[in-house]
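These are the residues of each chain, in order.
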Amino acid sequence: MPRPLVARIDIAAMQHNLAIARSSAPQAQLWAVVKANAYGHGLIRAMHGFAAADGLALVELDGAVRLREQGWTKPILLLEGFFEAADLQTIAQHRLDFAVHCVEQIEMLERAKLQHSVDIQLKMNTGMNRLGFIPEHYRAAYQRLRAIPAVRKITLMTHFANAEHPISAVTLAQQMARFRTGSADLAGPVSLSNSAATLLHPTLATDCIRPGIMLYGATPGGKSAHQFGLLPCMTLRSQLISIQHITAGDSVGYGSRFMSDSAMRIGVVACGYADGYPRHAPDGTPILVDGIKTRLVGRVSMDMMAVDLSTIPAARIGSTVTLWGEGLPVDEVAAAAGTIGYELLCALAPRVQVVENSTF
């Protein structure tokens, strides 16, 4: 028998969340972001869950090729573009769209002499300071791309740094002003909105939206996923494999971080940091045992963790433990651990058994 740790992926929830994204901007082209193995959910599962999307977006060229091989015929966008000239032939062969964010990429495109036309998204750096041309250089980059015979459609693109934070060093309004200045009078569709903008600023939706984390039932901030009507797409469940009875003064786990001040029942769960659960999760991180909320106690180890069973007298070996997902939002667990739901979902380890709740 395998370990009783299973990640259940809900394809219907993916479809539901996609519909919510679509309803926020019904006229926009919707790119479903499936990078990082679809945020840990599985690239091909996401391809089916987001079948109604207008396109899929990711950063991995091999993943894009795999999507084509698995039958995806709609557009695919490489969000970081290409990394070397040799990639361009594969990109053109598989009809992939891609971002252009630096002069070096333009130079490689100019030398490539592609036999197939390509659609690109020209990225502007409006304050994120990761990728893209600053507004003052954006027009020149656009004109160089427009002069390349193989370049067909150019989408004007930027990425918001703080759409979920109204008060920040780089505000959404500042980024929008920079984008409008840098792209003034340039022809082409506009792509702005990530999940945060899609959920919190629907009036900013333009020709394209690029939702990511919301499609998987988590949020970048602002409100809870439940408040937005989103459903969790991954539920990570395990079981109790041991129960210990400790007395006042006993400790639990490596480093004896947790010390009991009274007699307690402690449940041992088959899940640890080698499965993708955060080792840094503190005492008190929420966990469900047989649907009842309790808390993590002691340091998470490689294969196991301990939970407080003081308020769950019926718990026994074999009781169901929910680490996140249905009944326990991943964002709540992540907040307790001082991180974000994205990291927990993406960190799901290959050794965890994954099952789906529906067939394709």
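Above this text sits the structure in question.
Residues numbered from 1 in each chain as written. Predicted model: local features only at pLDDT ≥ 70, side-chain atom pairs only at ≥ 80, totals over all residues. Heavy atoms only, no water.

A.B. asks: Honestly, the nonpolar core in this entry has me stumped. Any pointers?
C.D. replies: Phe50, Phe98, Tyr277, Leu323 and Trp324 are the most contacted members of the largest nonpolar core, which totals 117 residues. When near neighbours in sequence (up to four residues on either side) are disregarded, Leu323 contacts Leu5, Leu236, Arg237, Ser238, Cys271, Tyr277, Ile287, Met305, Leu328 and Val333. In terms of nonpolar packing, the next biggest core, distinct from the first, is built from 7 residues, Ile246, Val252, Val297 and Ala306 among them. (Core = buried A, V, L, I, M, F, W, Y, C linked by side-chain atoms within 4.5 Å. Buried < 20%, exposed > 50% of the residue type's maximum accessible area, 1.4 Å probe, protein only. Contact = heavy atoms within 4.5 Å.)

A.B. asks: Teacher, can you tell me more about the pattern of salt bridges here?
C.D. replies: Where charged atoms of side chains with opposite charge meet at close range, the side chains can pair. Going through the model one piece at a time under the given rule, you end up with 11 salt bridges. Here Arg257 and Asp283 are joined by a salt bridge, their closest N and O atoms 3.0 Å apart. Remark: Asp283 occurs in the loop between strand 13 (264-269) and strand 14 (286-289) and Arg257 occurs in the loop between strand 11 (251-252) and strand 12 (258-259); sequence separation between them is 26 residues. What makes Arg257 partly exposed here is its relative accessible area of 29%. Measuring nitrogen to oxygen at the nearest pair gives 2.7 Å for the salt bridge that ties Lys293 to Glu332. Highlighted residues: Lys293 in strand 15 (residues 292-297) and Glu332 in helix 10 (residues 330-336), separated in sequence by 39 residues. The exposure class of Glu332 is partly exposed, given its relative accessible area of 31%. (Salt bridge = Lys/Arg side-chain N within 4 Å of Asp/Glu carboxyl O. Helix = DSSP H or I, 4+ residues; strand = E, 2+ residues; numbered from the N terminus.)

A.B. asks: Quick question: what am I supposed to make of the packing of helix 7 (residues 135-146) against helix 8 (residues 172-183) here?
C.D. replies: In helix packing, the relevant descriptors are the interaxial angle and the interaxial distance, both defined with respect to the helix axes. It is the contact of helix 7 with helix 8, at a shortest axis distance of 8 Å, that shows an interaxial angle of 40°. The way helix 7 lies across helix 8 gives a crossing that is right-handed. Judged by residue contacts, Pro135, Tyr138 and Arg139 of helix 7 engage Arg178, Gly182 and Ser183 from helix 8. Across the contact of helix 7 with helix 8, the residue classes tally to 2 nonpolar, 2 polar and 2 charged. (Axes fitted to C-alpha atoms, helices over the stretch in contact; angles between N-to-C directions. Left-handed = near helix turned anticlockwise from the far one by under 90°. Nonpolar A, V, L, I, M, F, W, Y, C, P; charged D, E, K, R; others polar.)

A.B. asks: Can you help me understand the environment of Lys35 in this one?
C.D. replies: Counting through the fold element by element, Lys35 comes out in helix 2 (residues 35-39). Residue Lys35 is classed as partly exposed on the basis of its relative accessible area, which comes to 32%. Taking C-alpha positions, Lys35 is 6.8 Å from Ala57, a pair spaced 22 residues apart along the chain.

A.B. asks: What am I meant to see in the state of the cysteines here?
C.D. replies: Working definition of a disulfide: a covalent bond connecting the sulfur atoms of two cysteines. Under the defined criterion, the tally for this structure stands at 0 disulfides. Summary of cysteine pairing: Cys233 is not part of a disulfide, and the nearest cysteine sulfur, belonging to Cys346, is at 13 Å. You can call Cys233 buried: its relative accessible area is 1%. (Disulfide = S-S within 2.5 Å.)

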